[in-house]
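Architecture and fold: a report
Single-letter residue listing:
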Amino acid sequence: MSVVTAEPVAVAVVGAGAAGTLGALHLARSRDGSAPELEILLVDPGPRTGRGVAYSTDDPTHLLNVPAGRMSALPDDPEHFLRWLRAERDPTAGPGTFARRGWYGEYLEAMLALELRGRTGVRLRRVHRRAVALRDDPLGGLRLRLAGTGAGEDGQDDRVASGRGPAGAGPVDERVDAVVLALGSPRNPAAWVPPSLRGSDRLVADPWMPGALDRVRCARDVLLVGTGLTMVDVALTLAGPGRTVHAVSRSGRLPEAHSERPVPALPAPELPSAQLRLHDVRRLVLRQLRAGLDATGDWRPGLDSLRPVTRELWQRLPERDRTEFLLRSDRRWWETHRHRMSPASATLLRRALAAGEVTVGAGCVVDARHVEGRLAVDLADGQRLAVDAVVDCTGRGTAVPLGEEGLLSDLLVHGRARPGPVGIGLDVDADGRLRAWNGRPDPRVLVIGAARQGAEWESTAVPEIRAQAVAAARCLGPVLGRQQGAMAAMGATA
């Protein structure tokens, strides 16, 4: 009997932001020396790895909103990022340092490259194309369809550079054994934009697009719609003498700031075994806030103590209570208190507010008209602002966009996926396996990152995504082992 060597096991990670890079990193780390050879396809049309929306900025005023001591890519080495930060960017950094966001993207890219250099039997192919469809392969495994010609960071088509196939402008299919979806948050549909403003060159629809803010840097007055963390970053970029940056949202509330002094942690609360309702969760949150104040003089440790149980709290709420949480003030309160500004960002913003360079208030845009080379923006309370540009700072969306071309819509249309609870993201099982329309999870397709927000609520910060990436690698181990065994059997000939 002769045996034909089987091809390497292939896993496509769709998305090369923080979640995708962490997914690829932990897939590589999960392979031991006796496992089959592993090829990881990191699929994303963007030119850079590890950045995504969150870490693509190079603005030094844009800081992480989690301290460095909690941002390690490796759960078994909590100080890993801190050591890198001290060695590569800031020798004075400590566990409580809020580092530049762009530096964290550099860290993720460097850690993935370092892991691959030090590990045999694993290779990564960076595919600069957009994934648009996923199908079963008749011979086993999956077919991932990629649109358009992808140019690598060196400008060369990635298929030619890798020697995997001919170049071409049309779509190509990649046969893989499993897929990790790390797609991030979808674009917000920006329903607030009045028809008169849609398509205007004075509207910045996505401030995180490369160069998006360049055309408004010379504007005298700018309106930012949204008062969350995105607004804080954009305001700090644009604020300066001789310009007024107005910011409005329905609530007019700013994110809270992290404490400037270290505060001790509180243990997570024990949850009752009985059915939970939203009013029970509200009482629990208030109880923990009081416990934090009593123990430390600060409410923040009380809220942070809920982090280990937030997923369980969310999942134990009935669907109607989760919907109520989203539609009432609970969601906004949670977001402003849970996702906080760094102390340095808060200080800079306070200075800009005191100087009149930034104003913040409650308001909803109802109309906008071009008047004498400027925009006259009408708010619901009757106020009118004269500005030179408007920037959408309402953040990324949560619902999967139907009707748009792309992998998410394809998965839903063909029944490989269904929307997550309360219409947010994608539905997954407890381990992150993608659920089809019939509720059956596909063991070959794992989801990490923001698309799990409907199922778990807190699913956009690095500590949660890191844990999901580790779990995804573990879940795929048996699947890839079985696939390799099947391919070897097919290659065995008498």
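Let me begin by describing the structure that accompanies this report. Just so it is clear, the structure is predicted and the values come from calculations on it, not from any experiment.

What counts and what doesn't
- Residues numbered from 1 in each chain as written.
- Predicted model: local features only at pLDDT ≥ 70, side-chain atom pairs only at ≥ 80, totals over all residues.
- Heavy atoms only, no water.
- Phe/Tyr/Trp six-rings, centres within 6.5 Å; stacked < 30°, edge-to-face > 60°.
- Helix = DSSP H or I, 4+ residues; strand = E, 2+ residues; numbered from the N terminus.
- Buried < 20%, exposed > 50% of the residue type's maximum accessible area, 1.4 Å probe, protein only.
- Axes fitted to C-alpha atoms, helices over the stretch in contact; angles between N-to-C directions.
- Parallel < 35°, antiparallel > 145°, perpendicular 65-115°, else oblique.
- Contact = heavy atoms within 4.5 Å.
- Nonpolar A, V, L, I, M, F, W, Y, C, P; charged D, E, K, R; others polar.
- Expected span 1.5 Å × (residues − 1).
- Arc of directions from axis to C-beta.

**Overview of the packing of aromatic side chains**
For the structure on display, the rule yields nine aromatic pairs. When the ring of Phe325 is compared with that of Trp457, the centres are 5.4 Å apart and the planes differ by 85°; the resulting orientation is edge-to-face. Taken as a pair, Phe325 in helix H9 (residues 319–327) and Trp457 in the loop between helix H13 (453–456) and helix H14 (462–491) lie far apart in primary sequence, 132 residues in all. Both residues of the pair, Phe325 and Trp457, count as buried. In textbook terms, an aromatic cluster arises when at least three aromatic residues are bridged by ring pairs, as seen for Tyr55, Phe81, Trp84, Tyr104 and Tyr107.

**Some thoughts on unusual backbone geometry**
Phi at Val422 takes a positive value of approximately 50°, unusual for a residue other than glycine. Locating Val422 in the fold gives a position in the loop between helix H12 (407–413) and strand S17 (433–435). Val422 gets classed as partly exposed once you look at its relative accessible area, which sits at 21%. Positive phi values are uncommon outside glycine, yet Trp457 reaches one of about 65°.

**A look at the packing of helix H2 (residues 80–88) against helix H3 (residues 101–117)**
Two elements in contact, H2 and H3, have axes separated by 11 Å at closest approach and are oriented at 105°. One finds that H2 runs roughly perpendicular with respect to H3. Facing His80, Phe81, Trp84 and Leu85 of H2, the residues of H3 in contact are Trp103, Tyr104, Glu106, Tyr107, Ala110 and Met111. When its residues are assigned to classes, the contact of H2 with H3 shows eight nonpolar, one polar and one charged.

**Points about helix H6 (residues 278–296)**
Here H6 contains 19 residues, and its C-alpha end-to-end distance of 27 Å stays within 8% of the 27 Å for a straight helix at 1.5 Å per residue. Of all the residues in H6, the buried ones are Leu278, Val281, Leu284, Val285, Gln288, Leu289, Gly292 and Thr296. One side of H6 carries all its buried residues, which in axial view fall inside an arc of 135°. In H6, the exposed positions angled more than 90 degrees off the buried face are occupied by Arg290 and Asp294. The elements touched by buried residues of H6 are helix H7 (300–304), helix H8 (310–316), H9 and helix H10 (329–338). Backbone geometry just after H6 places Gly297 at a positive phi near 80°.

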